[in-house]
Amino acid sequence: MNKNYRFIDKTYQQSNSMLLNILISIILRNFATSTLQKSKLYIIIHRNEVI
């Protein structure tokens, strides 16, 4: 009985960390794309000012 609980606890911890990793990667990707879009906008605006 104790082994089963240990197995369940282990799988729960693994799935929990996996979900956390997925969340972190989604947040990082959103942050990266938003900063990329801002820098692209800045380049476009800056280019128009130069011309």
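The shown structure was predicted, so the numbers you read here are calculated from the model rather than taken from an experiment.

## Let's talk about the environment of Thr11
- Residue position: Thr11 is located in helix H1 (residues 2–50).
- When its relative accessible area of 33% is taken as the criterion, Thr11 is described as partly exposed.
- A polar side-chain atom of Thr11 sits 2.8 Å from the main-chain carbonyl oxygen of Ile8.

## Some details on a nonpolar patch on the surface
- Together, Met18, Leu19, Ile22 and Ile26 give the surface a local cluster of nonpolar side chains, amounting to about 380 Å² of exposed area.
- Looking at where Ile22 falls in the secondary structure, it is placed in helix H1.
- Judged by its relative accessible area of 41%, Ile22 is partly exposed.

Conventions used here
Residues numbered from 1 in each chain as written. Predicted model: local features only at pLDDT ≥ 70, side-chain atom pairs only at ≥ 80, totals over all residues. Heavy atoms only, no water. Helix = DSSP H or I, 4+ residues; strand = E, 2+ residues; numbered from the N terminus. Buried < 20%, exposed > 50% of the residue type's maximum accessible area, 1.4 Å probe, protein only. Polar contact = N/O pair within 3.5 Å; in protein donor to acceptor, adjacent residues only side chain to side chain. Patch = residues over 30% accessible without salt bridge, like charges linked within 9 Å, V, L, I, M, F, W, Y side chains within 5 Å. Areas by Shrake-Rupley, 256 points an atom, 1.4 Å probe, with all protein chains shown as cover. Salt bridge = Lys/Arg side-chain N within 4 Å of Asp/Glu carboxyl O.

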